[in-house]
Amino acid sequence: MKEKKLKIKDLVTIGVFAVIYFVVTFAVGMIGVIPILFLIYPTILGIVSGTVVMLFMAKVQKPWALFIFGMLSPLIMLVGGHTYVILLHAFAVMIIAELIRRIGHYNSFKYNMLSFAIFNTWICGSLMQMLWAREKYIELSMMMGKEYVDILIKLITYQHMALVYLGAIIGGLIGANIGRILLKKHFIKAGIV
Amino acid sequence: MYYIKDNRLNPNPITKFFVVVLLGFTGVHSINHYSEWAVVIVISAMYFINGFKKDAIKNILWFGVLFFVPDFSALEKFPIFILMMLSLFALCRMFYLPFAAGKFMIKTSDVGSIISSMDAIKIPKEVSIPIAVMFRFFPSFVEEKNSIKMAMRIRGIETKNPVKYLEYVAVPLLIISSNIADDISKAAETKCIANPIKKTRYVSVRIHLIDFIYAVTISVIVAGGIICSH
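Residues numbered from 1 in each chain as written. Chains lettered and ligands numbered in written order. Predicted model: local features only at pLDDT ≥ 70, side-chain atom pairs only at ≥ 80, totals over all residues. Heavy atoms only, no water.

- Per an unreviewed UniProt entry, the recorded name for chain B is Energy-coupling factor transporter transmembrane protein EcfT, and the organism is Lachnoanaerobaculum orale.

- Chain A has the name Trep_Strep domain-containing protein in an unreviewed UniProt entry, where Lachnoanaerobaculum orale is given as its organism.

Here it is, written out as structure tokens:
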């Protein structure tokens, strides 16, 4: 297969979809007001944002498009007060997602779906930074009482993070399938894809 | 239209971004309390000399609230569920410094200077064009969303079912957005965006004395804070 390069049109599409994706991320992130719901946040995000990303992948079937698309949201979050951890984490995740898409030659649904499931785990980076900053967080939570800190220590562990990742992947798979249904139902009819 | 001129007191976006990343370290490694206050005061001073007096005061007040409020011992008696809610405070407190620097960056830099500073440090066009488009597209996104909601109201479509609601709003929104993407790229092509020569920009980015002062002060405070806390 001939290698295709990104054109201006694709770059503009990346920018436009990145805005939509970021707005969705932010809107879903509102559930984080109750901190415990943070743990299912990646799953919900996957289900909701599946349509956006699947439409994007259907529209731009070229190498590195998903990578650039995926790196924009972490960049905004970095400016919005997250740490460098989220950027490095997203970089690793996006490389894997991009490679999976490459196996499917960018147009097979099966590989795009898997790629989105991996793509969706980038948001776990915002939880990972809490894990890495655990000591500081616990130190700050000390005034909340010993009991609370004990629960926190039990809750924030690597095993639980694995569950969150699993949740993100499952959410991604569900979201991708919803995306496919909507693509068939509306977007192909409207001549968008 | 409101914009800020390239004045001598406003650091350029590169410096501001560097400071945001630098303060990102404080989210993970704690620094001395005095240095935290010093960072907040420096950012407020930067707001102040750029004419954002309200933001300067707000910045200090917010940090003051986050710093002192969670500090009473009565908290321990609350049930665990309320504590969960209150832990949001601790989270905000943890990431306040990078957040404040990021807010300063967004408030005081206009789109033109961000784009031309991306040119200045030679960011490839694969990254700079999407970012520029994001700034361009964001207002029209909000506009389109409101008009879709209006159209729904006119036709009397009301649904409490979140899945249905998502479909009703998201599908037209995505279709409109992908049409707008085509329009933007046509407009950009007619203005020769693909021409591989050096572009000229309305806003030029220069390095002033204030860039050094801002970057060096924050670096010294963060470095000092990390050393003092160990």
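Past the structure itself, the notes keep going.
1. A word on the overall build of chain B
Stage number 1. Across its full length, chain B carries 9 helices and 0 strands.
Stage number 2. Split into buried and exposed, the 230 residues of chain B put 40% on the buried side.
Stage number 3. Intrachain contacts of chain B at a sequence separation of at least 6 include 82% that bridge at least 24 residues.
Stage number 4. Counting only carbon and sulfur atoms, one obtains 69% of the accessible surface of chain B, whose full area is about 13600 Å². (Helix = DSSP H or I, 4+ residues; strand = E, 2+ residues; numbered from the N terminus. Buried < 20%, exposed > 50% of the residue type's maximum accessible area, 1.4 Å probe, protein only. Contact = heavy atoms within 4.5 Å. Areas by Shrake-Rupley, 256 points an atom, 1.4 Å probe, with all protein chains shown as cover.)

2. Side note on the interface of chain B and chain A
Frequently, the measure chosen for interface size is the accessible area removed from exposure when the parts meet.
Stage number 1. Contacts between chain B and chain A engage 58 residues on the former and 56 residues on the latter.
Stage number 2. Both faces combined, the contact of chain B with chain A buries some 5200 Å², and carbon together with sulfur accounts for 81% of it.
Stage number 3. Of the charged contacts, one joins B:Asp182 and A:Lys9 as a salt bridge, the two residues approaching to 3.9 Å between their closest N and O atoms.
Stage number 4. There are 2 residue pairs in polar contact (both at pLDDT 80 or more) connecting chain B and chain A.
Stage number 5. The leading source of residues in the side of chain B that touches chain A is helix α8 (residues 162-190) of chain B, at 13 residues.
Stage number 6. Broken down by class, the residue content of the side of chain B that touches chain A amounts to 38 nonpolar, 11 polar and 9 charged. (Buried area = accessible area lost by both parts, 1.4 Å probe. Salt bridge = Lys/Arg side-chain N within 4 Å of Asp/Glu carboxyl O. Polar contact = N/O pair within 3.5 Å; in protein donor to acceptor, adjacent residues only side chain to side chain. Nonpolar A, V, L, I, M, F, W, Y, C, P; charged D, E, K, R; others polar.)

3. Concerning the UniProt feature "transmembrane region" (unreviewed entry) in chain B
Residues and elements named next belong to chain B.
Stage number 1. Under the present numbering, the feature "transmembrane region" (unreviewed entry) in UniProt falls on residues 12-31, 37-52, 59-75, 81-99 and 207-227.
Stage number 2. The span residues 12-31 is 80% helix and 0% strand, and its two end C-alpha atoms sit 26 Å from each other.
Stage number 3. End C-alpha to end C-alpha, residues 37-52 measures 19 Å, and it is 81% helix and 0% strand. (UniProt positions renumbered as here; feature names shortened; annotations may be inferred.)

4. Here we look at the packing of aromatic side chains
Stage number 1. Evaluated as defined, the whole model comprises 20 aromatic pairs over all chains.
Stage number 2. Aromatic pair A:Phe56 and A:Phe69: ring centres 4.3 Å apart, planes at 20°, arrangement stacked. Remark: A:Phe69 occurs in helix α3 (residues 65-79) and A:Phe56 occurs in helix α2 (residues 41-59); sequence separation between them is 13 residues. In terms of burial, A:Phe56 and A:Phe69 fall into one category: buried.
Stage number 3. Relative to B:Phe99, the ring of B:Tyr96 has its centre 6.3 Å away and its plane inclined at 55°; by these criteria the two rings are tilted. Linking B:Tyr96 with B:Phe99, this pair stays in helix α5 (residues 96-108), spanning 3 residues, or about one helical turn.
Stage number 4. Residue classification places B:Tyr96 among the buried positions, given a relative accessible area of 7%.
Stage number 5. With relative accessibility at 39%, the residue B:Phe99 sits in the partly exposed group.
Stage number 6. What links up through ring pairs into an aromatic cluster is the set A:Phe17, A:Tyr21, A:Phe56, A:Phe69, A:Phe116, A:Phe119 and A:Trp122.
Stage number 7. Above the face of the B:Phe104 ring, B:Lys16 is positioned so that its terminal group lies 5.5 Å from the ring centre.
Stage number 8. Over the aromatic face of B:Phe48 sits the side chain of B:Lys53, whose NZ or CZ is 5.8 Å from the ring centroid. (Phe/Tyr/Trp six-rings, centres within 6.5 Å; stacked < 30°, edge-to-face > 60°. Lys NZ or Arg CZ within 6 Å of the ring centre and 35° of its normal.)

5. Notes on the confidence of the model for chain A
Stage number 1. For chain A, the mean per-residue pLDDT works out to 86, and 93% of the residues sit at or above 70.
Stage number 2. Per-element confidence in chain A is highest for helix α5 (residues 109-119) of chain A, whose mean pLDDT is 94, and lowest for helix α7 (residues 134-141) of chain A, whose mean pLDDT is 72. (pLDDT = per-residue confidence, 0-100.)

6. As for the packing of helix α2 (residues 33-49) of chain B against α5(B)
Residue and element names in this part refer to chain B.
Stage number 1. The geometry of α2 relative to α5 is characterised by a closest axis approach of 10 Å and an angle of 10° between their N-to-C directions. By the angle between their directions, the pair α2 and α5 is classed as roughly parallel. Listed contacts from α5 to Glu36, Val39, Val40, Ile43, Met46 and Tyr47 of α2 are Tyr96, Leu97, Ala100, Ala101, Lys103, Phe104 and Lys107. (Axes fitted to C-alpha atoms, helices over the stretch in contact; angles between N-to-C directions. Parallel < 35°, antiparallel > 145°, perpendicular 65-115°, else oblique.)

7. Thoughts on the pattern of salt bridges
Residue and element names in this part refer to chain A.
Stage number 1. Evaluation of the coordinates by the stated rule reveals 5 salt bridges over all chains.
Stage number 2. Residue Lys62 pairs with Asp10 through a salt bridge whose shortest N-O separation is 2.8 Å. Of this pair, Lys62 sits in the loop between α2 and α3 while Asp10 sits in helix α1 (residues 8-29), placing them 52 residues apart in sequence.
Stage number 3. Lys62 sits in the buried class, given a relative accessible area of 13%.
Stage number 4. Overall, the relative accessible area of 8% leaves Asp10 in the buried class.

8. Structural notes on helix α1 (residues 13-28) of chain B
Stage number 1. With 16 residues, α1(B) should cover 22 Å at 1.5 Å per step; its first-to-last C-alpha distance of 24 Å lies within 8% of that length.
Stage number 2. Regarding α1(B), the residues found buried are B:Pro13, B:Thr15, B:Lys16, B:Val19, B:Val20, B:Leu22, B:Leu23, B:Gly24, B:Thr26, B:Gly27 and B:Val28. (Expected span 1.5 Å × (residues − 1).)

9. Things to note about the confidence of the model for chain B
Residue and element names in this part refer to chain B.
Stage number 1. With 89% of its residues at a pLDDT of 70 or more, chain B shows a mean pLDDT of 83.
Stage number 2. Within chain B, no element has a lower average pLDDT than helix α4 (residues 80-94), which sits at 71, and none a higher one than α2, at 90.
Stage number 3. For this predicted complex, the interface score ipTM comes out at 0.84, alongside a pTM of 0.86.

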